[in-house]
Amino acid sequence: MEHSFVILVMIDIVDSTKTTEKLGDIKMSQKMRLYDRISRGLLIKWNGLEIDRTDGYLLLFENMREALEYCSEYHKLVEQHLKFFSRIGVHAGTVIMHSNDTFFVSRGAKPIEIEGIQKSVCARIMSLAGGGQTLLSSRAGQIAMSIRGNLKMADIGKWVFKGVKKPMQLYSIGVDTKRLRRPRGNQKVQMVSPPKLTSQERRRRNIRRYIVYPTLLATLFWALQLLVILRFAYPFNSNLEQ
């Protein structure tokens, strides 16, 4: 048993149960075999380690650049070849790792398992993401800022997780801006403060606040004044119609 600082990546296929019901067990099994080949092939390419697999994966990486490259290529290939959309959570932290005895592994146990609060935090982050989206924890985001390359990144605010006292700043990252959208909260993750405005967003806000809205109010005011003037200049005389 040892403590290790790692990059955790947790993946979940969106609506996998619904897709299985629609396709049937045989067709879904065939798709999942291709899914595994894609996911595990990318692990070899980007030096990741598979810890667990259900409808997605729990993976470990030693550095953030390889983790982000994996996530980006994973989204692209899985969406392109299988039409699956996945939610991904990325977190950086210290976990407890231990190996299982070969006898238990021969009976189906995982060779390596990890424990600790960081695993739960990563699961909460992943649950918040939408289909095709990758979300980063505060620490993961800080590391990613300097090595993200051409990937786009956005602050999505501060969130609180069920069972975790301290709120956490989260980020979205992806190849295009549509993957950076701010997600909706759920029963286990809620936003406590919105993201800080970018310089462009602050400029748009100031234009609305100091130019657009005052102009609209002034236009409405003078329109009402004109109606009043016309009302007294051309009074309606009901006697003329009698």
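Parameters at a glance
Residues numbered from 1 in each chain as written. Predicted model: local features only at pLDDT ≥ 70, side-chain atom pairs only at ≥ 80, totals over all residues. Heavy atoms only, no water. Axes fitted to C-alpha atoms, helices over the stretch in contact; angles between N-to-C directions. Helix = DSSP H or I, 4+ residues; strand = E, 2+ residues; numbered from the N terminus. Parallel < 35°, antiparallel > 145°, perpendicular 65-115°, else oblique. Left-handed = near helix turned anticlockwise from the far one by under 90°. Contact = heavy atoms within 4.5 Å. Nonpolar A, V, L, I, M, F, W, Y, C, P; charged D, E, K, R; others polar. pLDDT = per-residue confidence, 0-100. 1 Å grid on protein atoms, 1.4 Å probe; cavity = no way out; pocket = protein on both sides within 12 Å on 5 of 7 lines; lining within 4 Å. Points joined across faces, edges and corners; volume = space filled by probe spheres on them. Polar contact = N/O pair within 3.5 Å; in protein donor to acceptor, adjacent residues only side chain to side chain.

*Asks:* Please clarify how the packing of helix α2 (residues 25-45) against helix α3 (residues 64-82) should be interpreted in this entry.
*Replies:* Each packed pair of helices is defined by two parameters, the angle between the axes and the distance between the axes. One can describe the packing of α2 onto α3 by two numbers: an axis separation of 10 Å at closest approach and a directional angle of 155°. The orientation of α2 relative to α3 falls into the category roughly antiparallel. Relative to α3, α2 is oriented so that their crossing is right-handed. Every residue of α3 that contacts α2 at K31, L34, Y35, I38, S39, L42, L43 and K45 is listed here: Y70, E73, Y74, L77, V78, H81 and L82. Per-class residue counts for the contact of α2 with α3 are 10 nonpolar, 2 polar and 3 charged.

*Asks:* Whenever I open this one, the confidence of the model for the protein confuses me. Can you help?
*Replies:* Detail in the predicted coordinates should be disregarded across regions flagged by low pLDDT. For the protein, mean pLDDT is 91; residues scoring 70 or higher make up 94% of the total. Taking the mean pLDDT of every element in the protein, the minimum, 79, falls on helix α7 (residues 199-233) and the maximum, 98, on strand β6 (residues 133-136).

*Asks:* Looking at this structure, how should I read the layout of surface pockets?
*Replies:* With a probe scaled to a water molecule rolled over the atoms, the places where space remains empty come into view. If you add up the space inside the second largest pocket, you get close to 170 Å³. If you trace the second largest pocket, you find it lined by I117, Q118, V121, V164, K166, P167 and M168. Among the elements that line the lining of the second largest pocket, the one with the most residues is helix α5 (residues 117-128), at 3 residues. In the lining of the second largest pocket, the residues fall into 5 nonpolar, 1 polar and 1 charged.

*Asks:* How should the side chain of Q133 be read in this particular structure?
*Replies:* Structurally, the position occupied by Q133 is in strand β6. For Q133, the side chain forms a polar contact with the main-chain nitrogen of G130, separated by 2.9 Å. The contact partners of Q133, leaving out residues within four places of it in the chain, are H75, S86, R87, I88, S172, R179, L180, R181 and P183.

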